[in-house]
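# Examination of the molecular architecture
Take a look at the letters that make up each chain.
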Amino acid sequence: MSKPLEDYAVLGDLQSVALVATDGSVDWLCLPRFDSPACFAALLDDERAGCWRIAPVGADRCSDRRYRGDTMILETDWDSADGSVRVIDFMPPRGDDPDLVRIVEGRSGRVRMRMTLRLRFDYGRIVPWVRALDGRIVAVAGPDAVWLDAAVPTHGENLTTVAEFEVAAGQRLTFVLIQHPSHLPPPAPLDAEQALRTTESFWTDWISPCRYRGRSADLVRRSLLTLKALTYAPTGGIVAAATTSVPEQLGGVRNWDYRYCWLRDATFTLHALIGAGFENEARAWREWLLRAVAGNPADLQIMYAVDGARRIPELELDWLAGYEQSRPVRVGNAAAGQFQLDVWGEVLDGLHVAREAGVAADDDAWALQRHLLDFLEGNWHRDDAGLWEVRSKDRPFVHSKVLCWAGLDRAVQAVDRHGRDGPVERWRALRDHIHNEVLRRGYDSERNTFTQFYGSQGLDAALLLLPRLGFLPWRDPRIVGTVEAVRRELDHDGLVLRYSVDADGGVDGLPGEEGAFLICSFWLVDALQGIGRTTEAAALFTRLCSLANDVGLLAEEYDGRAGRLVGNFPQAFSHIGLVNAARHLDPASPLVDGEHAVFPRPGAV
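These numbers come from a predicted model, not from an experiment.

## A few points about the pairing of strand β12 (residues 144–150)
With five of seven residues buried, β12 lies mostly within the body of the structure. Judged from the five bridges that link them, strand β11 (residues 136–141) and β12 form a sheet pairing that is antiparallel. Residue A139 lies in a different strand from β12, and its bridge partner there is V146. Taking the residues that link successive antiparallel strands as the turn, the β11-β12 hairpin has two residues, and the phi of G142 there is positive, at about 60 degrees. Where β12 meets strand β15 (residues 172–179), five bridges bridge the pair, whose relative direction is antiparallel. Counted as the bridge partner of V146 is Q179 from β15.

## As for the pattern of salt bridges
All told, the structure shown has 50 salt bridges when counted by the stated rule. We note a salt bridge from D35 to R33, for which the minimum N-O separation is 2.6 Å. As far as the burial class goes, D35 and R33 line up, both buried. The partner of R478 in a salt bridge is D476, and the shortest N-O contact between them spans 3.0 Å. When its relative accessible area of 13% is taken as the criterion, D476 is described as buried. Three or more residues joined by partner-sharing salt bridges are found here, namely D64, R66, R68, E75, D77, R86 and E200.

## With respect to the nonpolar core
If you look at the biggest cluster of nonpolar residues, it comprises 210 residues, and the most contacted ones within it are W52, V104, F450 and W523. With 11 residues, helix α8 (residues 398–418) is the largest single contributor of residues to this core. The next biggest cluster of nonpolar side chains, apart from the first, holds 14 residues, and it includes V101, I103, I178 and A192.

## Examining the environment of E356
Mapped onto the elements, E356 comes out in helix α6 (residues 342–356). Looking at E356, the relative accessible area reads 30%, which means it is partly exposed. On a C-alpha basis, the gap between E356 and L464 in space is 23 Å, while along the polypeptide they are 108 residues apart. When neighbours within four sequence positions are excluded, E356 is seen to be in contact with R417 and H418.

## Quick word on helix α9 (residues 424–441)
Over its 18 residues, α9 extends 26 Å from the first C-alpha to the last, a length consistent with the 26 Å expected when each residue adds 1.5 Å. Taken residue by residue, α9 has V424, W427, L430, R431, I434, H435, E437 and V438 as its buried positions. All buried residues of α9 fall inside an arc of 165 degrees around its axis, so they share one side. Of the exposed residues in α9, those oriented more than 90 degrees away from the buried face are E425 and R440. For α9, the elements touching its buried residues are α7 (363–379), α8, β22 (443–444) and β23 (449–450).

## Digging into the side chain of R118
With respect to the helices and strands, R118 occurs in strand β9 (residues 99–118). Of the polar contacts made by the side chain of R118, one reaches the side chain of T160; its length is 3.1 Å. Contacts of R118, omitting those with residues within four sequence positions, involve C39, F40, E47, R48, G50, C51 and T160.

## Points about the sheet that holds strand β26 (residues 516–517)
The pairing of strands in a sheet comes from backbone hydrogen bonds and takes either a parallel or an antiparallel form. Taking strand neighbours across the sheet as the criterion, the three strands line up as β26-β27-β28 in an open arrangement whose pairing is antiparallel. Each edge of the open sheet is held by one strand with a lone partner, namely β26 and β28 (564–566). Alignment of strand β27 (residues 557–559) against β28, held across three bridges, turns out to be antiparallel. Within β28, the position partnered with D559 by the bridge is R564.

## Topic: the packing of α7 against α9
Helix-helix packing is characterised by the crossing angle of the two axes and by the distance between the axes. For the pair α7 and α9, the least separation of the axes is 12 Å and the interaxial angle reads 45 degrees. As summarised for this structure, α7 and α9 are arranged oblique, according to the angle between their axes. Seen from above, α7 lies across α9 with left-handed handedness. Contacts from W366, R370, L373, D374 and E377 of α7 reach α9 at R426, W427 and L430. Among the residues making up the contact of α7 with α9, the classes are represented as four nonpolar, no polar and four charged.

## A short note on the packing of aromatic side chains
The full count for this structure, using the stated rule, is 18 aromatic pairs. For the ring pair F34 and Y232, a centre distance of 6.4 Å and an interplane angle of 65 degrees mean the geometry is edge-to-face. In this pair, F34 sits in the loop between β3 (25–30) and β4 (38–40) while Y232 sits in strand β16 (residues 231–232), placing the two residues 198 residues apart along the sequence. Overall, F34 belongs to the buried group, its relative accessible area being 1%. Under the relative-accessibility criterion, Y232 is labelled buried at 9%. Both rings, one in F165 and one in F175, keep their centres 5.5 Å apart while their planes meet at 35 degrees; by these two values the pair is tilted. Here the residue F165 occupies a position in strand β14 (residues 160–168), and F175 occupies one in strand β15, the gap between them amounting to 10 residues. Given the relative accessible area of 6%, F165 is considered buried. Here R102 stacks its cationic end above the ring of W52, 5.3 Å away from the centre of that ring.

## Remarks on the pairing of strand β5 (residues 51–56)
On a regular strand, one side chain projects to one face of the sheet and the next to the other, so that they alternate. Along β5, five of the six residues are buried, which leaves the element largely enclosed by surrounding structure. Of the strand pairs in this sheet, β3 and β5 are connected by two bridges, and their pairing is antiparallel. Within the sheet, the bridge partner assigned to S25 lies in β5 and is R53. Judged from the six bridges that link them, β5 and β9 form a sheet pairing that is antiparallel. Residue pairing across strands places I54 opposite M115, the latter belonging to β9.

## A look at unusual backbone geometry
Of note, the bond from L31 into P32 is cis; its omega dihedral lies within 30 degrees of zero at 10 degrees. With respect to the helices and strands, the residue P32 is situated in the loop between β3 and β4. Cis peptide bonds are those with omega within 30 degrees of zero, and the linkage from F569 to P570 qualifies with -20 degrees. Here P570 shows up in the loop between β28 and α13 (572–585). Located in the positive-phi region is N158, a residue other than glycine, with phi close to 50 degrees. Here N158 lies in the loop between β13 (155–157) and β14.

## Topic: α6
In a regular helix each residue adds 1.5 Å, so 15 residues correspond to 21 Å; α6 covers 21 Å between its end C-alpha atoms and thus fits that length. In terms of residue burial, α6 counts as a mostly covered element, since 14 of its 15 residues are buried. Of the residues flanking the end of α6, it is G358, one or two places downstream, whose phi is positive at about 90 degrees.

Each value, and the rule that gives it
Residues numbered from 1 in each chain as written. Predicted model: local features only at pLDDT ≥ 70, side-chain atom pairs only at ≥ 80, totals over all residues. Heavy atoms only, no water. Buried < 20%, exposed > 50% of the residue type's maximum accessible area, 1.4 Å probe, protein only. Helix = DSSP H or I, 4+ residues; strand = E, 2+ residues; numbered from the N terminus. Pairing = 2+ DSSP bridges. Salt bridge = Lys/Arg side-chain N within 4 Å of Asp/Glu carboxyl O. Core = buried A, V, L, I, M, F, W, Y, C linked by side-chain atoms within 4.5 Å. Contact = heavy atoms within 4.5 Å. Expected span 1.5 Å × (residues − 1). Arc of directions from axis to C-beta. Polar contact = N/O pair within 3.5 Å; in protein donor to acceptor, adjacent residues only side chain to side chain. Axes fitted to C-alpha atoms, helices over the stretch in contact; angles between N-to-C directions. Parallel < 35°, antiparallel > 145°, perpendicular 65-115°, else oblique. Left-handed = near helix turned anticlockwise from the far one by under 90°. Nonpolar A, V, L, I, M, F, W, Y, C, P; charged D, E, K, R; others polar. Phe/Tyr/Trp six-rings, centres within 6.5 Å; stacked < 30°, edge-to-face > 60°. Lys NZ or Arg CZ within 6 Å of the ring centre and 35° of its normal.

Shown next, in the form of structure tokens:
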């Protein structure tokens, strides 16, 4: 049995992350960056695929754990009859090499500990050559090398590096893992205690401008910290999640790699970051966006690697059993090659958000947007795979058409309000034409709801976004009817499905089911607030916050029947939804000292 996702905490150094379980085991770590092959992949198999555990002998679960204040430093406590011990885990902000540091601190008595380090490169497939060198342990396989500096003697057991030791009250023992190219001289040892101080200062300084005191303030700050941890600092890109192939249905095949940057996340991310006052991160994300989409607008992809690379071939790793036996395990993502029409509108809307917030624009950025608009004008009528990346046939998805409308609307606003140049009357006419078509073909007057695609009998949680985009006012009867229809057909105790997989003969072309998509549930919070049902919105927000694990993290989805988080973890979309919903529910509570959220809340459109 795989460990529940609720058991995991995340560490990060702004280029990669590690997942640490309640049993003291690091079960996931990709080096040197988010989308690199994992050297610990027990998350997707078992300990044979690689892990690093430090825990008291005989203990299988910690007594308590927490992040140290508003940081990404994890403190895990173990209490026993012999005494108590704390393990402090963190990844220092990246220097020359990625580091993972574990400090074992004796709190009382004397506790016997065991460390097991099982390095397996290439997602558990390669057993490295491990040897002692000048008092250090080094594991090498081809270009990869990982060094261990341990404060206690180690030895080998069954292709595993092991140490058994005692820690007494007041004693601190350090363990440092460093990834370093195998062809270079050994890396310099890291001062673990200094790195701890540096790491704590980094995170507390970063979050210090946030003065949010509204509902679930701890979770809002934790969500912002998690979003920062999912940021690839060299480029400003933000990955959708830290993992690959954690299933949407336990035992199913809906297993995807989310360690990449989706363009459609741009608008939601910018709302969360700018609304929280983190303009540097918003500016970096905008610059990543501009670089990624540069070139022929017809070649625009829905996602890119963290450095902006376009090739993300999808492969299956047949040597891994998968999380909860959910196979296949995939790396890469073939959806990168899909035609998803809404992405052009999402990019234009995201750049509009930045423009409205005062993030500096330039003529080159506007010229790029003009090229995107040219493509949109000539292709808006095409069917597409939609924002949920269905792997069946393309369809005229209502959300995609509305995003085409939004892209043109933002262009009109850029001319009318910001003095940009362009054929505004032509854009205005096409914008109005698309608006009229969606009302005519994408709305079912008998059911009083918009539909997933033209002529569809199914619904789509993304329809909740129509008023947020300004397509219709929140109190418009057609919007109210759509919100009510989504609640009736897709909402299960506040947990909202993206769509019904059985509607219209099976819209996505995949077997099985999936859990409730958490950002869709946060969209429902916004929608209920927008149509005036504030009490229901607040109650739903509280319900969703209760799904976070003990250290405030959310996955992509929630399986109501199993009572578990499912999907890739932690999921940026879910934390973005939490931040934005909190901001909308508490518009008077500043997210930043001396400021208020800069975007209109639901109902203000």
